Amino acid sequence: MATLTMKSASGTDAGTVELDDDVFGLVPNVPVMHQVVTAQLAARRAGTQSTKTRADVRGGGAKPFRQKGTGNARQGSIRAPHFTGGGVALGPKPRKYDQKTPKKMIKLATRSALSDRAAEGKVVVVDSWGIDTPKTKTAKQALDALQLDGQVLVVLGADDDAAYMSFRNLPTVQVIKASELNAYDILCCDWIVFTKATLPTGTALGDSSPTPAPKNAAAAELAADAADHEGPHGAGSHAALDDGSEPAGFPIKGNADSMLYHVPGSRFYKQTIAEVWFASEDAAEAAGFSKPGSQKSESDDAADDSAADTEGEDA
């Protein structure tokens, strides 16, 4: 991780801070940034422009002159597009300009923009602004102490209301909340100023790997218990319930008359009345049940052919 000297609001050194490589150490992805910024600008468009066609323009109901005998080209209405005051052909109509952008692409564009500014040394971290009362003069003095020129993007926390009202009147400063950080605003400014509390990390921008939900662990434990359950047809089997419902962890239906088993989603699964339930296909086959021929896949057929060849060689 890159180390950056943290500043105080008075411009003095206030220790060091590390920049997360997952956020500030990437190689900027220019095509992704371009696509995301284009989508942001498109979403800003109101899309309320509208022109009138020849059907919307007032007047022109009567034929301007007779069809033949005048020497002129035939005309049906003075509100046709080629007449002055007529309708507009193929003109703009109200529409939406929104573009669908994946969340991962938006996050990558934001990280790429931050990495670009960090590579140029345009990222500043302040321990805190220390502004309790809104005052623009205090905010300007803080920026002058940091020696920042050009357009400055100040990223504040949700509780920095006094600092927000102090910076918002400065013409060269754009103020934004940490939750609203985006690629367009980053690229539009020369400097980005974070506080120690708002400095983004990979976790904050959604890079952390998701923690498995507790239900996954519960499902695995349930499957293990079902495999060890000793039923009427050995391990992994369960007797049919009185109400005909599926026992937890035993999704496969078995029919004792035909000695066939049916897996969920198969053709006759819903029509089959289970006389025994199995936790897995292996448990069903160990009990002497087999899968219907219509449900066998090519891999199952190949395995059956291989087994038949082996038996033939042994004979």
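Structure: see above.
Residues numbered from 1 in each chain as written. Predicted model: local features only at pLDDT ≥ 70, side-chain atom pairs only at ≥ 80, totals over all residues. Heavy atoms only, no water.

K.L.:
Sorry if this is basic, but what is going on with the overall build of the protein chain here?
P.N.:
Along the backbone of the protein chain there are 9 helices and 12 strands. In the protein chain, 62% of the contacts between residues at least 6 apart in sequence involve partners at least 24 apart. Of the accessible surface of the protein chain, which amounts to about 19,300 Å², a share of 51% is contributed by carbon and sulfur atoms. (Helix = DSSP H or I, 4+ residues; strand = E, 2+ residues; numbered from the N terminus. Contact = heavy atoms within 4.5 Å. Areas by Shrake-Rupley, 256 points an atom, 1.4 Å probe, with all protein chains shown as cover.)

K.L.:
Before we go on, may I ask you to explain the packing of aromatic side chains in this structure?
P.N.:
We describe a pair of aromatic rings using the distance from one ring centre to the other and the angle between the two ring planes. Scanning all chains against the criterion turns up 3 aromatic pairs. Note on Phe24 and Phe194: the rings are 6.2 Å apart at their centroids and 85 degrees apart in plane angle, and the pair reads as edge-to-face. Taken together, the residues Phe24 in helix H1 (residues 21–24) and Phe194 in strand E6 (residues 191–195) connect sequence positions 170 residues apart. Comparing Phe24 with Phe194, the two get one shared label, buried. Seen in terms of ring centroids, Trp129 and Phe167 are 4.8 Å apart; in terms of plane orientation they differ by 65 degrees. Their pairing is edge-to-face. Separated by 38 residues along the polypeptide, Trp129 in the loop between strand E3 (123–126) and helix H4 (136–146) and Phe167 in helix H5 (residues 161–167) bring together distant segments of the chain. Across this residue pair, the class does not change: Trp129 and Phe167 are buried. Above the plane of the ring of Tyr97 lies Arg95, whose end atom (NZ or CZ) is 4.0 Å from the centre. One cation-aromatic arrangement involves Lys253 over Tyr269; the distance from NZ or CZ to the ring centre is 4.6 Å. (Phe/Tyr/Trp six-rings, centres within 6.5 Å; stacked < 30°, edge-to-face > 60°. Buried < 20%, exposed > 50% of the residue type's maximum accessible area, 1.4 Å probe, protein only. Lys NZ or Arg CZ within 6 Å of the ring centre and 35° of its normal.)

K.L.:
For this particular structure, what's the right way to read the nonpolar core?
P.N.:
Soluble, globular proteins show a tendency: their nonpolar side chains are buried together. The biggest cluster of nonpolar side chains holds 25 residues, and the ones touching the most others in it are Phe24, Leu114, Leu153 and Phe194. Per element, the largest residue contribution to this core is 4 residues, and it comes from helix H2 (residues 30–44). Other than its neighbours up to four places away in sequence, Phe24 contacts Leu19, Leu114, Ser115, Ala118, Val123, Phe194, Leu199 and Pro200. Core analysis: the next-biggest nonpolar cluster, separate from the first, contains 20 residues, Ile131, Val152, Leu170 and Val175 among them. (Core = buried A, V, L, I, M, F, W, Y, C linked by side-chain atoms within 4.5 Å.)

K.L.:
Got a minute to help me understand the pattern of salt bridges in this structure?
P.N.:
Any two side chains of opposite charge can pair if their charged atoms end up close together. All told, the structure shown has 7 salt bridges when counted by the stated rule. Note that Arg117 and Asp116 form a salt bridge whose closest N and O atoms lie 2.7 Å from each other. Taking the shortest distance from any N to any O, the salt bridge between Arg117 and Glu120 comes out at 3.8 Å. A relative accessible area of 9% places Arg117 in the buried class. With a relative accessible area of 47%, Glu120 lands in the partly exposed category. (Salt bridge = Lys/Arg side-chain N within 4 Å of Asp/Glu carboxyl O.)

K.L.:
Teacher, can you tell me more about the environment of Gly288 here?
P.N.:
In this fold, Gly288 is placed in the loop between helix H8 (281–286) and helix H9 (298–314). Sequence-wise, Gly288 and Met259 are 29 residues apart; in three dimensions their C-alpha atoms are separated by 7.1 Å.

K.L.:
What am I meant to see in unusual backbone geometry here?
P.N.:
In most cases, non-glycine residues show a negative phi, while peptide bonds are predominantly trans. In the Ramachandran plot, Gln147 falls in the positive-phi region, its phi being about 60 degrees despite a non-glycine side chain. Structurally, the position occupied by Gln147 is in the loop between H4 and strand E4 (152–156). Residues other than glycine seldom take positive phi values, yet Met259 does so here, at roughly 55 degrees. Residue position: Met259 is located in the loop between strand E10 (252–255) and strand E11 (260–262).

K.L.:
I keep staring at the sheet that holds E10 and nothing clicks. Help me out?
P.N.:
Across a sheet, paired strands are connected by hydrogen bonds in the backbone, their directions being either parallel or antiparallel. Within the open sheet, the 4 strands sit side by side as E9-E12-E10-E11. Their pairing is antiparallel. Edge positions in the sheet fall to strand E9 (237–239) and E11, since each has one partner strand and no second. Averaged over all pairs of adjacent strands, the angle between strand axes in this sheet comes to 30 degrees, irrespective of strand direction. Pairing geometry for E10 and E11, over 3 bridges, is antiparallel. When the sheet's bridge partners are listed, Lys253 is paired in E11 with His262. (Pairing = 2+ DSSP bridges. Axes fitted to C-alpha atoms, helices over the stretch in contact; angles between N-to-C directions.)

K.L.:
It is not clear to me how the side chain of Arg79 should be interpreted in this structure. Could you clarify?
P.N.:
Examined against the element boundaries, Arg79 turns out to sit in the loop between H2 and helix H3 (103–119). Among buried charged residues, Arg79 stands out as having no salt bridge; its nearest opposite-charge side chain is Asp56, 12 Å away. Beyond its immediate stretch of four places on either side in the chain, Arg79 contacts Arg54, Val57, Arg58, Gly59, Gly60, Thr84, Gly85, Gly86 and Gly87. (Lys, Arg positive; Asp, Glu negative; His and termini not counted.)

K.L.:
How should I be thinking about the pairing of strand E1 (residues 2–7) in this particular structure?
P.N.:
Both faces of the sheet carry side chains from a regular strand, because those side chains alternate between them. Inspection of the sheet shows E1 paired to strand E2 (residues 13–19) by 5 bridges, in the antiparallel sense. Within E2, the position partnered with Thr5 by the bridge is Thr16. Counting the residues that bridge the hairpin from E1 to E2 gives 5 residues, and of these Gly11 lies at a positive phi of roughly 95 degrees.

K.L.:
Help me understand H2 in this model?
P.N.:
In an α-helix there are 3.6 residues to a turn, and that puts residues three or four apart on one side. Here H2 spans 21 Å end to end across 15 residues, near enough to the 21 Å set by a 1.5 Å rise per residue. Residues of H2 that are buried: Val32, Met33, Val36, Val37, Ala39 and Ala42. Of the residues flanking the start of H2, the one acting as N-cap is Asn29, its side-chain oxygen 3.3 Å from the backbone nitrogen of Val32. (Expected span 1.5 Å × (residues − 1). Polar contact = N/O pair within 3.5 Å; in protein donor to acceptor, adjacent residues only side chain to side chain.)

Honestly, that's just the spatial picture; any functional story needs more than this.
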